[in-house]
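# Close look at the chain arrangement
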Amino acid sequence: MKAIVETDFKFPKQTEKYVGKVRDVYTIDDKYLVMLVSDRISAFDVVLPEGVPFKGQVLNQIAAKFLDATADIVPNWKIAVPDPMVTVGRKCEPFKVEMVIRGYLAGHAWREYKAGKREICGEVMPDGMVENQKFERPIVTPTTKAAAGHDEDISKEELIARGIVSKEDYEQLEKYTRAIYQRGTEIASQMGLILVDTKYEFGKIGDQIILMDEVHTPDSSRYFYSEGYEERLAKGEKQRQLSKEFFREWLMANGFQGQEGQQIPEMTPEVVNGITDRYIELYEHITGDKFEKVDYSLERIQKNVEECLKNL
């Protein structure tokens, strides 16, 4: 199994190429984006040296499904999915903020809580909570979108004061965030899963706010299995989860948390295959569909995208 970790396409009317942690984004005619979801994997804002076969396909197909499933709540950037690893959509002016919403005290929020903090991004977390406990009401904890390095937690008030987003836009972003999370929670519940927390990215075309990028994928979201959740919570046991957190935990257990001087642990073929299996497992659970593996082929991607671009 080969992983696609690097691409260098030259599409008709291509004006720009941007390489993110996981995505290669090609701008077409300054109006459209060709977003290829590579098999790169990142954690703690570091891109790891080994790619994970089929990860890009999993992320792209889940995101496409959830963009369609939330299109009645907020317009989104997607036009077509010409290839299992590629979405073609409208180019937006992105907001420099990631809208993170947390229904449960887990991951980063739990690490902050355990360290004694009772406030995150201006949201108060009550005393006496335990790891993975449900909040009375989901909390919205935005982060700045760093071009490089670590994203930073930031409060609504500070975002507005610093002019990163206007008050009017922020309030609309928060409404959309809560509504999309509610929809994702309902869909996950039907599949025997809990959508623990997730993040959304938005942009604008003219005055219209548009949902961009990925939605409810294991890279942007954390899922628990519903079955056994309450029992595990009561016993203080770890939850069975489907998200990238299992990979972060593996890295931390092997002494890596993205800090200077830390050595990235070796990603053996067994480790990589295990990560592939977990991504496919999540795909099948969250979509209810059987995952169909598509072979590594840069030629196929080029052909499929060029066909799509002809019809724009």
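Scroll up for the structure.
Residues numbered from 1 in each chain as written. Predicted model: local features only at pLDDT ≥ 70, side-chain atom pairs only at ≥ 80, totals over all residues. Heavy atoms only, no water.

### Observations regarding the overall build of the protein chain
In terms of regular secondary structure, the protein chain is built from eight helices and 16 strands. Here the protein chain has a C-alpha radius of gyration of 19 Å; the compact-globule value for 312 residues is 20 Å, and the two agree. Dimensions of the protein chain, computed from C-alpha atoms along their principal axes, come out at roughly 60 × 50 × 45 Å. Sequence separation of 24 or more characterises 63% of the internal contacts of the protein chain that already satisfy a separation of 6 or more. Carbon and sulfur atoms form 47% of the exposed surface of the protein chain, whose accessible area is close to 15,000 Å². Side-chain charges in the protein chain split into 43 positive and 54 negative, and the spacing between the mean points of these groups amounts to 1 Å. (Helix = DSSP H or I, 4+ residues; strand = E, 2+ residues; numbered from the N terminus. Rg over C-alpha atoms; globule rule 2.2 N^0.38 Å. Contact = heavy atoms within 4.5 Å. Areas by Shrake-Rupley, 256 points an atom, 1.4 Å probe, with all protein chains shown as cover. Lys, Arg positive; Asp, Glu negative; His and termini not counted. Charge placed at Lys NZ, Arg CZ, Asp CG, Glu CD.)

### Points about the side chain of Glu112
By the secondary structure assignment, Glu112 is in helix α2 (residues 107-114). Relative accessible area serves as the criterion here: at 18%, Glu112 is assigned to the buried category. Setting aside residues no more than four positions away along its own chain, Glu112 makes contact with Lys117, Ile120 and Asp153. (Buried < 20%, exposed > 50% of the residue type's maximum accessible area, 1.4 Å probe, protein only.)

### Remarks on the sheet that holds strand β6 (residues 78-83)
Strand order in the open sheet formed by five strands is β1-β2-β3-β7-β6, and the pairing between neighbours is antiparallel. Every interior strand has two partners, whereas the edge strands, β1 (14-19) and β6, have only one. Between one strand axis and the next, the sheet turns through 20° on average, direction left out of account. With five bridges connecting them, β1 and strand β2 (residues 23-28) associate as antiparallel partners. The residue bridging Lys17 from the neighbouring strand is Tyr26, located in β2. (Pairing = 2+ DSSP bridges. Axes fitted to C-alpha atoms, helices over the stretch in contact; angles between N-to-C directions.)

### Some details on the pattern of salt bridges
A full pass over the atoms with the stated rule returns 26 salt bridges. Across the pair Lys17 and Asp8 runs a salt bridge, and its minimum N-O distance is 3.8 Å. On the basis of relative accessibility, which here comes to 32%, the residue Lys17 falls in the partly exposed class. Salt-bridge contacts for Arg23 lead to Glu214; the nearest nitrogen and oxygen are separated by 2.7 Å. (Salt bridge = Lys/Arg side-chain N within 4 Å of Asp/Glu carboxyl O.)

### Notes on the nonpolar core
Membership of the largest hydrophobic core comes to 67 residues, with the highest contact counts inside it found for Ile180, Phe202, Tyr223 and Phe247. Those residues in contact with Phe202, other than ones at most four positions away along the chain, are Pro94, Phe95, Met99, Leu173, Tyr176, Thr177, Ile180, Ile209, Ile210, Leu211 and Met212. Of all hydrophobic cores here, the second largest spans 14 residues; its members include Phe11, Leu36, Val305 and Leu309. (Core = buried A, V, L, I, M, F, W, Y, C linked by side-chain atoms within 4.5 Å.)

### Observations regarding unusual backbone geometry
A positive phi angle, near 55°, is found at Asp29, a position not held by glycine. Tracing the chain through its elements places Asp29 in the loop between β2 and β3 (32-37). One non-glycine residue, Asp45, lies in positive phi territory at about 65°.

### Topic: the environment of Gly89
Summarising the element assignment, Gly89 is placed in strand β7 (residues 86-90). With relative accessibility at 0%, the residue Gly89 sits in the buried group. Leave out the neighbours within four places in its chain, and Gly89 touches Lys31, Tyr32, Leu33, Trp77, Lys78 and Ile79.

### Concerning the state of the cysteines
Taken as a whole and judged by the stated rule, the model has zero disulfides. The structure places no disulfide on Cys308, whose sulfur is separated from the nearest cysteine sulfur, that of Cys92, by 16 Å. The buried category is assigned to Cys308, whose relative accessible area is 13%. (Disulfide = S-S within 2.5 Å.)

### A closer look at the packing of helix α1 (residues 55-69) against helix α7 (residues 269-287)
One can describe the packing of α1 onto α7 by two numbers: an axis separation of 9 Å at closest approach and a directional angle of 20°. Our classification of the angle between α1 and α7 gives roughly parallel. Our pair here, α1 against α7, has a crossing hand that is left-handed. Contacts between α1 and α7 involve Lys55, Val58, Leu59, Gln61, Ile62, Lys65 and Phe66 from the former and Tyr279, Ile280, Leu282, Tyr283, Ile286 and Thr287 from the latter. Looking at the contact of α1 with α7, its residues break down into nine nonpolar, two polar and two charged. (Parallel < 35°, antiparallel > 145°, perpendicular 65-115°, else oblique. Left-handed = near helix turned anticlockwise from the far one by under 90°. Nonpolar A, V, L, I, M, F, W, Y, C, P; charged D, E, K, R; others polar.)

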